[in-house]
Amino acid sequence: MNTIKTISLSLLSLILTTSIYAQTFKEPIGFKLKNGMNIIVSENNRSPKAFASFTLDNKAFSNKKDGIVEMLNAVLNENISKDNHLSFKDNSGKLAALTSDFDKELVDMASIIQNVNIDQQTFNTAKAKLLISIKLQDYDYDQTVNESSINDLTLNDVKDFYSQITPAKTFLTIAGDVELNAAKASAKKAFGTWNNHNNNILAK
């Protein structure tokens, strides 16, 4: 439970940095889907929204290339429609939605993660935007995310890293105005059919 608490509270602090509701979450509950994906749920009916954070287990990717996670994030962001309440930064994807829309939004999030389009054009666009962001210093990136590390990455590097991501190497934290059983059902609906062999790279 200590591990669950640590992960849950650290992710919640990122999701709700400025929220007055951040300290009113119930004890986090952790469980695994049949595919090995780690789920953490923390209810807070005082929160105005429901939140989700999809996070990679850093320990499972100890030999990854510098900047590769943020480069994949940039590619994932290119797959998001403009009206989506989802973004990928650092080591996670973050979703904030009204409770009534949460189930659908989580399914959309899972679909993007499992069916990301990683072609040369998407990669080039994502890389260019990330390099501009780094140059402008408009976000506090990890020290390994710099112009040199990003310029060294190729399309094949991103595809290879993405292919290594499996359910058991990830965490999904659900928090806010969402009831525990509803959160469990949404997690299973969105990610329950994901397995170690169906990361789909839609490459052209």
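Everything discussed here concerns the structure shown above.
Our subject in this report is the structure included herewith. (Residues numbered from 1 in each chain as written. Predicted model: local features only at pLDDT ≥ 70, side-chain atom pairs only at ≥ 80, totals over all residues. Heavy atoms only, no water.)

**Looking at the pairing of strand 2 (residues 38–43)**
- Along strand 2, 5 of the 6 residues are buried, which leaves the element largely enclosed by surrounding structure.
- Across 4 bridges, the pairing between strand 1 (residues 29–32) and strand 2 is antiparallel. Each residue of the ladder has a partner; that of Phe31, found in strand 2, is Ile39.
- Two successive antiparallel strands, strand 1 and strand 2, enclose a turn made up of 5 residues, where Gly36 displays a positive phi of approximately 95 degrees.
- In this structure, strand 2 lies alongside strand 6 (residues 170–176), joined through 6 bridges in parallel fashion. Residue Ile40 lies in a different strand from strand 6, and its bridge partner there is Thr173. (Buried < 20%, exposed > 50% of the residue type's maximum accessible area, 1.4 Å probe, protein only. Helix = DSSP H or I, 4+ residues; strand = E, 2+ residues; numbered from the N terminus. Pairing = 2+ DSSP bridges.)

**So, the nonpolar core**
- In terms of nonpolar packing, the biggest core is built from 52 residues, with Phe54, Met71, Leu106, Leu172, Ile174 and Phe191 touching the most fellow members.
- Broken down by element, this core gets its largest block of residues, 7 residues, from helix 2 (residues 68–78).
- Those residues in contact with Ile174 that sit more than four places away from it in its chain are Ile40, Val41, Ser42, Phe51, Ala52, Phe102, Leu106, Ala183 and Ala187. (Core = buried A, V, L, I, M, F, W, Y, C linked by side-chain atoms within 4.5 Å. Contact = heavy atoms within 4.5 Å.)

**A few points about unusual backbone geometry**
- Notably, Asp90 is not glycine yet its phi reads approximately 55 degrees, a positive angle.
- Relative to the helices and strands, Asp90 is located in the loop between strand 4 (86–89) and strand 5 (92–97).
- Look at Gln137: it is not a glycine, yet its phi comes out positive at around 55 degrees.
- For Gln137, the location among the structural elements is in the loop between helix 4 (120–136) and helix 5 (147–151).

**Observations regarding the environment of Ala168**
- Positionally, Ala168 belongs in the loop between helix 6 (155–163) and strand 6.
- The contacts of Ala168, once residues within four sequence positions are left out, are Asn35, Gly36, Met37 and Asn38.

**A closer look at the sheet that holds strand 1**
- Read across the sheet, 6 strands follow the order 1-2-6-3-5-4 without closing on themselves; strand pairing throughout is mixed. What marks the edges here is a single partner per strand, and that holds for strand 1 and strand 4. Put simply, the sheet's adjacent strands are angled 15 degrees from each other on average, direction ignored.
- Relative to strand 6, strand 3 (residues 50–56) runs antiparallel, the two being bridged by 7 bridges. Bridge assignment links Leu56 to a residue of strand 6, and that residue is Thr170.
- Sitting on the sheet, helix 2 touches strand 3, strand 4 and strand 5, and the angle it makes with strand 4 is about 160 degrees. (Axes fitted to C-alpha atoms, helices over the stretch in contact; angles between N-to-C directions.)

**Quick word on the side chain of Asn73**
- Among the secondary structure elements, Asn73 is positioned in helix 2.
- Assessed through its relative accessible area of 5%, Asn73 is described here as buried.
- Not counting residues within four places of it along the chain, the set of residues in contact with Asn73 comprises Phe88, Lys89, Asp90 and Ser92.

**Examining the packing of aromatic side chains**
- Here the structure, examined in full by the defined rule, presents 5 aromatic pairs.
- Ring plane angle 45 degrees and centroid distance 6.1 Å describe the contact between Phe54 and Trp194, whose orientation is recorded as tilted. In this pair, Phe54 sits in strand 3 while Trp194 sits in the segment after helix 7 (180–191), placing the two residues 140 residues apart along the sequence. One exposure class covers both Phe54 and Trp194, and it is buried.
- Relative to Trp194, the ring of Phe191 has its centre 6.0 Å away and its plane inclined at 50 degrees; by these criteria the two rings are tilted. (Phe/Tyr/Trp six-rings, centres within 6.5 Å; stacked < 30°, edge-to-face > 60°.)

**Remarks on the packing of helix 2 against helix 6**
- Following both chains from N to C, one finds helix 2 and helix 6 inclined at 95 degrees, their axes separated by 10 Å at the closest point. Regarding the angle of helix 2 to helix 6, the classification is roughly perpendicular. Of helix 6, the residues touching helix 2 (which contributes Ile68, Val69, Met71, Leu72 and Val75) are Asp157, Val158, Phe161 and Tyr162.
- Class assignment of the residues belonging to the contact of helix 2 with helix 6 gives a composition of 8 nonpolar, no polar and 1 charged. (Parallel < 35°, antiparallel > 145°, perpendicular 65-115°, else oblique. Nonpolar A, V, L, I, M, F, W, Y, C, P; charged D, E, K, R; others polar.)

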